[in-house]
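Observations on the model geometry
Listed below, chain by chain, are the residues.
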Amino acid sequence: MNIFLKKNLEDIRQCQHNYLAQKHHAEESLEEAKRDCRLLMGKPEVLLGIVAAGAYKGIKTDAPKSKRNQAIMTFVRTTALSFLK
C-alpha cells in the first residue's frame, strides 16, 4: 500500500509542477503580447495610418465636418493613451 501511495503523491506533485509551469508560460505570453501591441501602436506609420483612415472616412461621408472631428478625437485619444501607458 505504501508503494502506491508514494507513486500517487509523486504524480500529484508532478501535475502541480506542470500546472504552475504552464500558468507561468501563459502569463509571460500575455505580457509579451501586451508589450508588442503597445510597441505597434507607438510606431509613426501606424499612427499615420489611423489618421489617414479617419481622414478618408471623413471625406467620404455625407457629414464630413462631424466625421473629421471624430477622426481627430480618435487620433488624439490614441496618441494620449499610447503616451500614458
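The preceding data block contains the structure.
I will try to describe carefully the structure that is included in this document.

**Some words on a nonpolar patch on the surface**
- A surface patch of nonpolar side chains, about 300 Å² in accessible area, is lined by V51, I72, F75 and V76.
- Considering each element in turn, the nonpolar patch owes the most residues, 3 residues, to helix α3 (residues 64-84).
- If you trace the backbone, F75 turns up in helix α3.

**Brief notes about the environment of K65**
- Looking at where K65 falls in the secondary structure, it is placed in helix α3.
- Taking relative accessible area as the criterion, K65 reaches 60% and is therefore assigned exposed.
- Sequence separation between K65 and A55 is 10 residues; the distance between their C-alpha atoms is 10 Å.

Reading the values: the criteria
Residues numbered from 1 in each chain as written. Predicted model: local features only at pLDDT ≥ 70, side-chain atom pairs only at ≥ 80, totals over all residues. Heavy atoms only, no water. Patch = residues over 30% accessible without salt bridge, like charges linked within 9 Å, V, L, I, M, F, W, Y side chains within 5 Å. Areas by Shrake-Rupley, 256 points an atom, 1.4 Å probe, with all protein chains shown as cover. Salt bridge = Lys/Arg side-chain N within 4 Å of Asp/Glu carboxyl O. Helix = DSSP H or I, 4+ residues; strand = E, 2+ residues; numbered from the N terminus. Buried < 20%, exposed > 50% of the residue type's maximum accessible area, 1.4 Å probe, protein only.

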